[in-house]
Amino acid sequence: MTAQNVIHVQGLEKSYKQLQVLRGVDFDVARGSIFALLGSNGAGKTTVVKILSTLLKADAGTASVNGLDVATHPANVRESISLTGQFAAVDEILSGRENLVLVARLRHLKDPGKIADDLLERFSLTDAGARKVSTYSGGMRRRLDIAMSLIGNPPVIFLDEPTTGLDPQARIEVWQAVKELAGRGTTVLLTTQYLDEAEQLADRIAILHEGRIIVNGTLTELKQLLPPAKVEYVEKQPTLEDVFLTLVGANGKNSHDRNAGTDA
Ligand SMILES: Nc1ncnc2c1ncn2[C@@H]1O[C@H](COP(=O)(O)OP(=O)(O)O)[C@@H](O)[C@H]1O
Ligand SMILES: [Mg+2]
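Being a predicted model, the structure only gives us computed values, none of them experimental.

Enquirer: What's the story with the overall build of the chain in this structure? I'm lost.
Expert: If you tally the helices and strands in the chain, you get 10 helices and 10 strands. Its C-alpha atoms give the chain a radius of gyration of 19 Å, within 12% of the compact-globule value 18 Å for 264 residues. Judged by the C-alpha coordinates and their principal axes, the chain covers about 60 × 45 × 35 Å. Counting over 264 residues, the chain shows a buried share of 41%. In the chain, of all internal contacts separated by at least 6 residues, the share reaching a separation of at least 24 is 69%.

Written out as structure tokens, the structure reads:
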């Protein structure tokens, strides 16, 4: 791998009994970039993330994170990553702030209260910080989940389907949080089954299909794979998403009160 590549994956194979899920997966992720692993349900995205985060062993191939091989140095790899799974791992009974303080304490960090307050601020959760997580909307929960995974400043973060199950408003809030992360130099590998999510967020997009990466490039590169569009004169109709967001008022800012309890 080159110095700029924080994640290096080569020839990764994994089967569950007879089911060959990964048949030779190769990709690299540059430092400070957002890389989207795009694939339909069951494509093997979570399997890749589990191997990279040392939760699962590959049958063949190599993978390294920060120059450390996941198979031979799992403990070092775990120190440099954080993983946010598809289902939020927050404690419902505690407040948002208490969740953050708890994790900071578990990691033996100095001044857990300040760490919590800074993260609440960063993820626009300050007003909701004292409330029980059970009262949070889906988008707020997911933002809290991402905030929790940032405690201790891991240089690499894996987000496994960060917006699956969220409403459009909440998805935009999570996208903003992810963009902000990468803006601060964190390397983000996210998986998604949504084309628009990859389009919105990723510096590079790799499509995982039938066990292999079938294309890998920037959005512009991917678009060039298709023949150029013919020029046609049509009225541009707003998409349903445009209409929805206009009606509910997507002003790009997080609004806690409006979000409270609007989705699960
Ligand atoms: N522990 C397991 N045992 C057997 N099959 C599994 C296991 N985990 C995942 N699979 C199967 O492997 C395939 C890929 O799963 P997964 O990596 O979760 O896909 P994705 O995250 O892209 O939806 C799916 O067909 C899934 O049913
Ligand atoms: Mg998955």
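The structure having been displayed, the exposition proceeds.
Enquirer: Help me out: how do you make sense of the site of ligand 1 in this one?
Expert: In the vicinity of ligand 1, the contacting residues are Tyr 16, Leu 19, Val 21, Gly 39, Asn 41, Gly 42, Ala 43, Gly 44, Lys 45, Thr 46 and Thr 47. If you list the elements that add at least two residues to the shell around ligand 1, you get β2 (19-30) and α1 (45-52). Element by element, the count of residues in the shell around ligand 1 is highest for α1, at three residues. Residues belonging to the shell around ligand 1 are distributed by class as follows: four nonpolar, six polar and one charged.

Enquirer: Explain the sheet that holds β2 to me, please; I cannot follow it from the model alone.
Expert: Sheet strands pair by backbone hydrogen bonding; their relative direction is either parallel or antiparallel. Pairing is antiparallel across the open sheet formed by four strands, whose spatial order is β2-β1-β4-β5. Two strands close off the open sheet at either side, each with one partner strand: β2 and β5 (68-69). Where strand β1 (residues 5-16) meets β2, nine bridges bridge the pair, whose relative direction is antiparallel. Pairing of Ile 7 across the sheet is with Val 29, part of β2.

Enquirer: How should the sheet that holds strand β6 (residues 81-84) be read in this particular structure?
Expert: Read across the sheet, six strands follow the order β6-β7-β8-β3-β9-β10 without closing on themselves; strand pairing throughout is mixed. Strands at the two margins of the open sheet, each flanked by one partner only, are β6 and β10 (212-217). Between one strand axis and the next, the sheet turns by 15 degrees as a mean value, whatever way the strands run. Two elements, β6 and strand β7 (residues 156-160), share four bridges in a ladder whose sense is parallel. From the neighbouring strand, Leu 83 faces β7, where its bridge partner is Phe 158.

Enquirer: For this particular structure, what's the right way to read the pairing of strand β8 (residues 187-192)?
Expert: A large share of β8 lies buried, amounting to six of its six residues. Alternating residues of β8 divide into Thr 187, Leu 189 and Thr 191 and Val 188, Leu 190 and Thr 192, and every residue in both groups is buried. Looking at chain direction, strand β3 (residues 34-38) and β8 are connected through five bridges and run parallel. Note on β8: the bridge partner recorded for Ala 36 is Leu 190. Both β7 and β8 contribute to a ladder of five bridges, which runs parallel. Note on β8: the bridge partner recorded for Leu 159 is Leu 190. In terms of handedness, the path from β7 via helix α6 (residues 168-183) over to β8 forms a crossover that is right-handed.

Conventions and cut-offs
Residues numbered from 1 in each chain as written. Chains lettered and ligands numbered in written order. Predicted model: local features only at pLDDT ≥ 70, side-chain atom pairs only at ≥ 80, totals over all residues. Helix = DSSP H or I, 4+ residues; strand = E, 2+ residues; numbered from the N terminus. Rg over C-alpha atoms; globule rule 2.2 N^0.38 Å. Buried ≥ 20, exposed ≤ 12 C-beta atoms within 10 Å, placed from the backbone. Contact = placed C-beta atoms within 7 Å. Near = placed C-beta within 6 Å. Nonpolar A, V, L, I, M, F, W, Y, C, P; charged D, E, K, R; others polar. Pairing = 2+ DSSP bridges. Axes fitted to C-alpha atoms, helices over the stretch in contact; angles between N-to-C directions. Right-handed = clockwise from strand over helix to strand, strands pointing away.

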